[in-house]
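Understanding the architecture of this molecule
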Amino acid sequence: MKICCLVKEVPDAAVQKRIDPSTKRLDRSGEKNLNPFDTHAIEAAMQIREGGKAEVEEVVAVTMGPDSAVRALHKAVALGADRSAHLSDDALAGSDVCATGFALAKVLEKESPDLVLLGQQSDDGECYTIGAVVADHLKMPSLTQVIKIDVADGKLRCERQAEYGYDTVDVELPAVISVGDAINEPRYPSLKAIMGAKKKPLDTHATGDVGIEASQVGEQGSRTTVLEINPPPAKEAGEIIEDEDTNETVEKVVAWLEERKLI
């Protein structure tokens, strides 16, 4: 079995997010990191390999992004991936989820995996849909919000979170599975793995290398356009009740809550 894990470079969680008003895109100039949701996908791949019910020949981390996204791939390899593939091209700038899904699918076609794993969302866009878009282009079955994976007889038995409980679904391979963050607790990479990550094989592709035309990606190939951005309304100042008289203060607090039907 060959497993590909889709990963993404995202702004660090400690960095305040802002939209560039000139491009109407997320400003990615600050510190960046591997999308934390994708670490659960890598861990799921490791557990399938170590579980012994399927022979995993290799685990490949795949990303689309600028040159800096190599650091996210290095972290993915440090977590257990055997090698990585990086789709990077100026033509990809401004791609929406549809164009991004198409581009990633073209890289995956070149890899021919038996299983594609990815996190349920990215820490920046939070669209939750990239797995389904990729699966549609690859003509593979797709599941989202998966919190348990069992491998048997070349098939997957998955449990996925549903609105009122859990669904148990059998899936034929090849398949695209988006895992929820409840599926596992990602391991910490060892110092040896971190130091050796840069030495692992890394394949870098331009759009032309995987059969993508410039018109199919970027702003030209996107199906959505951001027309306008507006900052959220400023929060109103809170009401401060001084504790001069405890009974009176309690009465004021209770009255305030009752007025807003909070009790």
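A short tour of the structure in this document, coming up.

Rules of the game
- Residues numbered from 1 in each chain as written.
- Predicted model: local features only at pLDDT ≥ 70, side-chain atom pairs only at ≥ 80, totals over all residues.
- Heavy atoms only, no water.
- Core = buried A, V, L, I, M, F, W, Y, C linked by side-chain atoms within 4.5 Å.
- Buried < 20%, exposed > 50% of the residue type's maximum accessible area, 1.4 Å probe, protein only.
- Helix = DSSP H or I, 4+ residues; strand = E, 2+ residues; numbered from the N terminus.
- Pairing = 2+ DSSP bridges.
- Axes fitted to C-alpha atoms, helices over the stretch in contact; angles between N-to-C directions.
- Contact = heavy atoms within 4.5 Å.

A word on the nonpolar core
With 36 residues, the main nonpolar core has I3, I48, L117, I149 and I177 as its most contacted residues. For this core, the elements supplying multiple residues, two or more each, are β1 (2-6), α1 (36-51), β6 (58-64), α2 (70-78), β8 (115-119), β9 (142-152), β10 (155-162) and β12 (175-179). Take this core: its biggest share by element is six residues, from α1.

With respect to the sheet that holds strand β11 (residues 165-172)
Strands sit in the order β11-β10-β9-β12-β8-β1-β6-β7-β13 across an open sheet of nine strands; the sheet is mixed. Looking at the sheet topology across the chains shown, the edges are occupied by β11 and β13 (202-205). The sheet shows a mean angle of 30° between the axes of neighbouring strands, direction not considered. As paired strands, β9 and β12 are joined by three bridges and run parallel to one another. Looking across to β12, one finds that V146 is bridged to V179. Lying on the sheet, α2 is in contact with β6, β7 (83-87) and β13; it crosses β7 at an angle near 160°. Most of the contacts of helix α3 (residues 97-111) go to β6, to which it runs at about 150°, and overall it touches β1, β6, β7, β8 and β13.

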